[in-house]
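Structure assessment
In case you want the letters, here they are:
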Amino acid sequence: MQNCSLADLQAEKQCKHVVYEIGLKQNSPEKAEEYLKQAEQMGHTLAAFELGMRFLSGANPSKEDALVYLCKASSNGIPEASIEVGKIYEFQGEHELAKQYYKKAYHQGDPRAMQLFRMSSIIFVFVACDLFTYQERSNRQKIVNSNCSNKLANTSCPVSLL
């Protein structure tokens with residue numbers, strides 16, 4: 001970790017840790033975002049995570065922007081970011097991608113991620129089975145309707161069935 005002083009920031013604003021801390025202390029969301037983006041561009045990995053979380057829950061939430069920064073933080077080894085990316089993908093119904101990020105978070109050192117991975121697998125199985133059952137029912141109904149129509153067309157029925 002690099003040692004930073006307030007003088008470094010005042011002189012050149014080159015110290016990513018101080019820029020990050022200033023970003024966290026801003027009352028204005030716009031100013032906070034400006035400082036955090038600067039810290040992230042300087043290589044501060046927590047700044048990317050903080051930006052991602054702010055894009056998820058801010059005044060103007062944006063999952064697309066959140067994913068950009070959370071994926072950067074995940075790539076830089078922050079397991080909480082990997083979990084959040086997994087949750088976003090889970091919510092979007094992309095269970096396989098969610099599982100990949102939960103697994104990544106587990107390997108990055110977050111034991112909670114294994115439980116999320118297992119839950120994602122269970123949800124994926126239920127969704128897949130439900131979809132299969134729905135398609136199977138739909139196909140079965142088409143066959144039944146087709147057979148009934150053919151049988152009704154070949155019989156003379158004095159009573160209208162409609």
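Note that Tyr 106 resides in helix α7 (residues 95–107). Look at Tyr 106 and you get partly exposed, because its relative accessible area is 37%. With 23 residues separating them in the primary sequence, Tyr 106 and Ile 83 have C-alpha atoms 8.9 Å apart. The residues contacting Tyr 106, other than those within four sequence positions of it, are Pro 111, Ala 113 and Met 114.

Averaged over all residues, the pLDDT of the protein chain equals 74, while 65% of them reach at least 70. When the criterion is pLDDT under 50, residues 124–162 qualifies, and its contacts beyond four places in sequence or with other chains add up to four contacts.

This brings us to the nonpolar core. Within the largest apolar cluster, 23 residues are counted, with the highest numbers of intra-cluster contacts made by Phe 49, Leu 70, Ala 73, Ala 81, Val 85 and Tyr 89. If you list the elements that add at least two residues to this core, you get α2 (16–24), α3 (29–41), α4 (45–57), α5 (63–75), α6 (79–91) and α7. Residues contacting Val 85, with those up to four places away along its chain left out, are Leu 67, Leu 70, Cys 71 and Tyr 101.

Glancing now at α3. Compared with an ideal rise of 1.5 Å per residue, which puts 13 residues at 18 Å, α3 spans 18 Å between its outermost C-alpha atoms and is within 8% of the ideal. The complete set of buried residues in α3 reads Ala 32, Tyr 35, Leu 36, Ala 39 and Glu 40. Viewed end-on, α3 has its buried residues packed into an arc of 140 degrees, placing them on one side of the element. Summarising the geometry of α3, the exposed residues directed more than 90 degrees from the buried face are Glu 30 and Gln 41. The inward-facing, buried residues of α3 contact α2, α4 and α5. Gly 43 sits one or two residues past α3 and shows a positive phi near 105 degrees.

Attention shifts here to the environment of Ala 81. In this fold, Ala 81 is placed in helix α6. The exposure class assigned to Ala 81 is buried, which follows from its relative accessible area of 0%. Residues Ala 81 and Glu 50, spaced 31 residues apart in sequence, show a C-alpha to C-alpha distance of 9.3 Å.

Calculation notes
Residues numbered from 1 in each chain as written. Predicted model: local features only at pLDDT ≥ 70, side-chain atom pairs only at ≥ 80, totals over all residues. Heavy atoms only, no water. Helix = DSSP H or I, 4+ residues; strand = E, 2+ residues; numbered from the N terminus. Buried < 20%, exposed > 50% of the residue type's maximum accessible area, 1.4 Å probe, protein only. Contact = heavy atoms within 4.5 Å. pLDDT = per-residue confidence, 0-100. Core = buried A, V, L, I, M, F, W, Y, C linked by side-chain atoms within 4.5 Å. Expected span 1.5 Å × (residues − 1). Arc of directions from axis to C-beta.

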